[in-house]
Amino acid sequence: MFFASAAPLFFAAIDPSLMMWVVIAAIFIFVVVLPARKEKKAKEEMLAKLAKGDRVLLQCGLIGKIAQLRGTDVVVIEADGAKLSFLRTSVVGLYVQKDEGGKNSAAS
């Protein structure tokens, strides 16, 4: 019987504006922080799995094939054969070319 009567008193003692800020903070965590953490983890896994010969898209818009991986650097060969060195973190993702129907085709 004590617990049933104590619960309303507890919530009555909390300032409503404080409860509003707690709710806003919880929404912020679920909408912004958790998805960003999940995306960061996925990118770290993708960067760890990069291998020689993978076609990648870089932040600058360049698409190329990985020629060499050196620690934090990646050497990319672009279409005209130029070898360029970038930081591994500048890789946005693996490049998969889409055909005219919008379906993914094998990267060549």
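Only a predicted model underlies this, so the values are computations on that prediction, with no experimental measurement involved.

Rules of the game
- Residues numbered from 1 in each chain as written.
- Predicted model: local features only at pLDDT ≥ 70, side-chain atom pairs only at ≥ 80, totals over all residues.
- Heavy atoms only, no water.
- Helix = DSSP H or I, 4+ residues; strand = E, 2+ residues; numbered from the N terminus.
- Buried < 20%, exposed > 50% of the residue type's maximum accessible area, 1.4 Å probe, protein only.
- Contact = heavy atoms within 4.5 Å.
- Polar contact = N/O pair within 3.5 Å; in protein donor to acceptor, adjacent residues only side chain to side chain.
- Pairing = 2+ DSSP bridges.
- Axes fitted to C-alpha atoms, helices over the stretch in contact; angles between N-to-C directions.

**Student:** Account for the overall build of the protein, naming residues and giving values.
**Tutor:** Secondary structure summary: the protein contains two helices and five strands in total. Secondary structure of the protein in N-to-C order comes out as α-α-β-β-β-β-β. Taking all 108 residues of the protein together, 15% fall into the buried category. Long-range pairs, those at least 24 residues apart, make up 32% of the contacts in the protein between residues at least 6 apart in sequence.

**Student:** With reference to specific residues and values, describe the side chain of Ser-90.
**Tutor:** The topology assignment puts Ser-90 in the loop between strand E4 (83-87) and strand E5 (91-94). Here Leu-87 takes part through its backbone oxygen, which lies 2.6 Å from a polar atom of the side chain of Ser-90. What Ser-90 contacts, discounting residues up to four positions off in sequence, is Leu-57, Leu-58 and Gln-59.

**Student:** Talk me through the sheet that holds strand E3 (residues 73-77); I want residue IDs and the actual numbers.
**Tutor:** Here we have five strands laid out as an open sheet, ordered E4-E3-E2-E1-E5, and antiparallel in their pairing. In the strand order of this sheet, the two ends are held by E4 and E5, each with one partner. Strand after strand, the sheet turns through a mean of 45 degrees between neighbouring axes, direction not considered. In this sheet, E4 lies alongside E3 in antiparallel orientation, the contact comprising five bridges. When the sheet's bridge partners are listed, Asp-73 is paired in E4 with Leu-87.

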